[in-house]
Amino acid sequence: MRRKIITIDEEKCTGCEECIPNCPEGAIQMIDGKARLISDLFCDGLGACLGHCPEGAITVEEREAEPYDERRVMENVVRQGRNVIAAHLEHLKEHNEERLLGQALAFLREQNIPNPMEVPNIMDKHHAAHAGGCPGSRSMDFAPAAATVVAESAPETRHQSELTHWPIQLHLISPLAPHFLRKDLLFAADCVPFTLPDFHRDYLRGKTLAIACPKLDDGQDSYLEKLVALIDHAEVNTITVIIMQVPCCSGLVRLAQDAVAKASRKVPVKVIVVGLRGEILQEKWV
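Residues numbered from 1 in each chain as written. Predicted model: local features only at pLDDT ≥ 70, side-chain atom pairs only at ≥ 80, totals over all residues. Heavy atoms only, no water.

A. The arrangement of the environment of Phe 194 in detail. Here Phe 194 shows up in helix H6 (residues 192-195). Residue Phe 194 is classed as exposed on the basis of its relative accessible area, which comes to 78%. Here the alpha-carbon distance between Phe 194 and Gly 278, two residues 84 residues apart in the chain, equals 8.8 Å. (Helix = DSSP H or I, 4+ residues; strand = E, 2+ residues; numbered from the N terminus. Buried < 20%, exposed > 50% of the residue type's maximum accessible area, 1.4 Å probe, protein only.)

In structure tokens:
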């Protein structure tokens, strides 16, 4: 198959070994004083080693290569301990490799090895130690405490928020976050909450939320993998797609249907179409 994979310039390589600890997958080894790619099977092509070569001897190219094998990689990764496991999982997460991340976690479960991502804050601490990321994208579960505070302090006429977690944008969510596990997913177009009165009370209540815009969002290739991961690994019960009546919004429905077709589990999908003045134009299972 044709895919991205690293290549090492033997003439530039000085044998400094800086790349070795930064390839937990085990794709690179020192042989005869030079860094060598020992197997296509171990290289995911994401380039974790690139920034650690002082000579610029490592680059990524697209060529014919054996398919990357996550299970064989995990056999090597787990031998190196929990910190290496955490680094590998974070590496996949940062690159939105939800399918590979799911395979890695399945391997850990099969081997009864603790998952570092299930330990509170361990992935946030690891990420912070390596140049840290945006605090606004950190996964948070704030239900039911937030709802209780609002309910006790707000006037009776004010609706309380039904949002159970953060973040909500599909690019930013982690399908492995506990608030998605075996819940009903509301997959909403960005404009819907601004148009639909009582969005929280009538549609968000009791569901976990992910939002997206099929017209304006970049990098939508990862959306399909995220939805598949929500179905297969978070094991969501149902998906409700709520969109505007404008033609571009139908892209979210296609994404959900494609994800169900690709996933190993099958879940029911409901589609709700909202008019520009906030009226419900259609509501059906597809």
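B. Expanded view of the nonpolar core. Ranked by internal contacts, the top residues of the largest apolar core, which has 46 residues, are Phe 187, Phe 199, Leu 209, Ile 239, Val 241 and Ile 242. When contributions to this core are tallied by element, the ones reaching two or more residues are strand S7 (184-189), helix H7 (199-204), strand S8 (208-212), helix H8 (221-232), strand S9 (238-244), helix H9 (250-262) and strand S10 (269-274). In terms of residues, this core owes the most to one element, H9, which gives 6 residues. Discounting residues that sit within four places of it in the chain, Val 241 has contacts with Phe 187, Leu 252, Val 253, Ala 256, Val 269, Lys 270, Val 271 and Ile 272. One finds Ala 27, Cys 49, Tyr 68 and Leu 105 within the second-largest nonpolar core, a separate group that totals 33 residues. (Core = buried A, V, L, I, M, F, W, Y, C linked by side-chain atoms within 4.5 Å. Contact = heavy atoms within 4.5 Å.)

C. Layout of the confidence of the model for the protein chain. Per-residue confidence for the protein chain gives a mean pLDDT of 84, with 87% of residues at or over 70. Ignoring residues within four places in sequence, the model shows residues 119-133, a span with pLDDT below 50, making 16 contacts including any to other chains. Long-range and interchain partners of residues 145-151, a stretch whose pLDDT sits below 50, account for 4 contacts in this model, where long-range means more than four residues apart. (pLDDT = per-residue confidence, 0-100.)

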